[in-house]
Structures are given as C-alpha cells and as structure tokens.
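# Results of the structural survey
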Amino acid sequence: MVYSRISHVAHYAPKQVVSNDDLATIMDTSDDWIASRTGIKNRHISENETTSDLASHVAAQLLFKSSVQASEIDFIIVATITPDSMMPSTATRVQAQIGAANAFAFDLTAACSGFIFALATADKLIQSGLYRKGLVIGAETFSKAVDWSDRSTAVLFGDGAGGVLIEASDKRHFLAESLHSDGSRGESLTSGKIGLSSPFSQKSENDPYVKMDGRAIFDFAVREVSANIKQLITDINFSSDDLDYLLLHQANNRILDKMAKKIGISREKFPANMMEYGNTSAASIPILLSECVDKGMLKMDGSQTILLSGFGGGLTWGSLIVKI
Ligand code: ACO
C-alpha cells in the first residue's frame, strides 16, 4: 500500500502591509471595530503580483527546500477562488513559471475549504500508486474580490499563498478525513457571479464582489463545523491529548475562541495569524501551517499529529487529521 505525507511547507505574502488604521483613512471604520470583532490588525495587499505569482513563489520555495527537481513533480493543484483567469488555470500558470513540464495541473474551487479539499484529493492521487510527488497550494489575491466601498467585507480579507509538497510514503500519515458541502445554503456567501450574456439569452448581471451574511457564517462555523470536528476526533478514538495543534481556517479570532470551547480543547492548541494576514481564504491554512513550522512549533519529523480544518463558501467544510 502506498501512503502520502507532507514533506515540506512554504508560504509567501505580498510585501505591502495595510493596517486597520490605513483602512480608516479610506473608509468609515476603525482599528477598534475591526480588531475587537475579528482579531485582524493587518493584511497584505498585492501591488502588482497575481495569484499565480504568489503561488509560484510558494512552489519555487518548495522545490528549493526539498531539492526536488521541477521535472519530478507529477501534479500541481492550486486551490483558489481568485484565479488570474478561468483559462488557463492558475495551476498551469504555476507549472509554466517553475518549469514542471511533466506535471498535470488544475485549480480546485472550494473557497475557504479549498486547501483541505485539495490536500485530500492529492492524498488519493498518491494512494492510487500512479503519482509520487505533487504540489498543493492555496493562493488568493482576495483584494480584487472585495468591493472597497463596502466596509462590512473590505476589512476582513487579504492576499497570500501557502502550500505543501506531498510525496509517497510507506507509512500512513493521513489518519482521518471528513469533507462536506451544502449547496442549498450557497447564497449566504458569494463572489464572482458570471451572468448569461449571449444574444440568445436573457441577460443576467455579473457581480464580481464578495457578499456574505456574516452572522449566518459565524453561526455555521461555531455550531456545525465545531460539531463535525468533534465527531471526527471521536470517530478515531482520539482525545484532546492526541492532537498537538488544530490549524483552523483564519476567518476571525472570535470564531476560533468559540470553536475551541465547543470542541472542548484548550485554545492554546489553536494557533492564529489572522492578525497579520486577515482572511486569505484558501491560503489561510497553509500559511499558518508553514508559519508553525518556521516557529519550531511543528517539527516535521512525523512525531506530531495535527487537525486541519477549512470552512466557508459553498457552503463547504472539511477536516483532516494528519501526522506531521
Ligand atoms: N467598521 C465599522 N463599522 C462597521 C464595519 C466596519 N468595517 N462593518 C460593519 N459595521 C457596522 C454595521 O454597519 C453595523 O452598524 P449598525 O448597527 O449601525 O447597522 C454594525 O457595525 C454591526 O454590524 P454587524 O454586521 O452586525 O457586525 P457583527 O458584530 O455581526 O460583526 C462580522 C460582523 C465581523 C463580519 C461578523 O458577523 C463575523 O465575524 N462573521 C463571520 C463571517 C466571517 O468572518 N466571514 C469571513 C468570510 S467567510 C469565511 O471565511 C468562513
């Protein structure tokens, strides 16, 4: 049996940092309002880099750290809802930028769960025995998806990318997974609507910008995603002591506080970095993962166990328990 493991991690964010005070100079908001409701203090905003540029930085770092040649990569998956274009995909642009000529590459669209769904997919590709090395990247330039005249959403998001090299292994590292969607509640969080426009159609509007029912999303995360995480932990007969850290999507610090309580695991095991990046959607979990490795919290020697969990538009939610 072939298994898979995360062998290297990396992240990258645009250099430009925009603080809450900076935002208060262009819209009716304040550091106090944003920080007290979300925990966010800063976000990185691209000046001229695209989503594929951010993802390519991560891909290049993963090759450098692992000494794997670009030609050895079998597949590239980029999770994003802010692609450079629908065609070519962001993943094929990354493939071209790093010269991974032997890889097949595709984007995966599952909003803030995108990285989790992509990692679960990559695990199965490797388990099939057909492929041995893949890049799984979450990358967003969310700054182009927000309406900068809407203070209720513009303050929440940021740009960035993170990713992993996943490789074949003879030991099992992916211990459990739980992936879900509920399209019937899709309208509570939307962006990038593309209307009909042919001469033979009734025209319908494009609406590029993110719209959300903040309260509904807050409740969904706290009630349903927490219950799902708790169930997954119970299903594999784990106790809180068996998990070193829980790396959850970085939407809002208050959501993390409440989720930690509902799950019944000490808040100290839930690292957070939305203070520095805001909500980077599909990029938030791999950025956090890479920072935890950089800080020495995660050793990457197979001795620790973490839970990764994403939740957001679709609606989508999913969790993985992984040895790292
Ligand atoms: N600055 C100042 N005031 C603001 C701002 C702002 N940026 N945005 C909204 N307000 C005002 C509103 O106009 C409203 O004023 P009013 O009472 O005079 O009408 C007041 O603040 C309260 O607005 P609410 O939307 O009720 O604020 P709430 O306390 O619910 O907080 C928030 C909003 C932070 C978005 C919260 O609902 C939340 O955290 N939701 C979770 C959703 C989330 O994080 N989404 C991210 C994307 S989804 C995901 O990643 C899973």
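Residues numbered from 1 in each chain as written. Predicted model: local features only at pLDDT ≥ 70, side-chain atom pairs only at ≥ 80, totals over all residues. Heavy atoms only, no water.

Neither face of strand S11 (residues 245-248) is open: one carries Tyr245 and Leu247, the other Leu246 and Leu248, and all of them are buried. One ladder, built from 4 bridges, connects S11 with strand S12 (residues 305-312); its direction is parallel. The residue of S12 that forms the bridge with Tyr245 is Ile306. (Buried < 20%, exposed > 50% of the residue type's maximum accessible area, 1.4 Å probe, protein only. Helix = DSSP H or I, 4+ residues; strand = E, 2+ residues; numbered from the N terminus. Pairing = 2+ DSSP bridges.)

Here helix H7 (residues 214-235) crosses helix H8 (residues 253-263) at 40°, and the two axes come no closer than 9 Å. Crossing geometry of H7 relative to H8 is assigned as right-handed. Across the interface between the two elements, Phe218, Ala221, Val222, Val225, Ser226, Ile229, Lys230 and Ile233 from H7 touch Arg254, Ile255, Lys258, Met259, Lys262 and Ile263 from H8. For the contact of H7 with H8, the residue count by class is 9 nonpolar, 1 polar and 4 charged. (Axes fitted to C-alpha atoms, helices over the stretch in contact; angles between N-to-C directions. Left-handed = near helix turned anticlockwise from the far one by under 90°. Contact = heavy atoms within 4.5 Å. Nonpolar A, V, L, I, M, F, W, Y, C, P; charged D, E, K, R; others polar.)

Another point: the sheet that holds S12. Reading across the sheet, the 4 strands line up as S8-S13-S12-S11 and stay open at both edges, with mixed pairing between neighbours. Where the open sheet ends on each side, the last strands, each with one partner, are strand S8 (174-181) and S11. Put simply, the sheet's adjacent strands are angled 10° from each other on average, direction ignored. Summarising the sheet, S12 and strand S13 (residues 316-323) pair through 8 bridges and their orientation is antiparallel. Along S13, the bridge assignment pairs Gly310 with Gly318. Against the sheet, helix H5 (residues 114-127) makes contact with S8, S12 and S13, and its axis sits at roughly 130° relative to S8, the strand it touches most.

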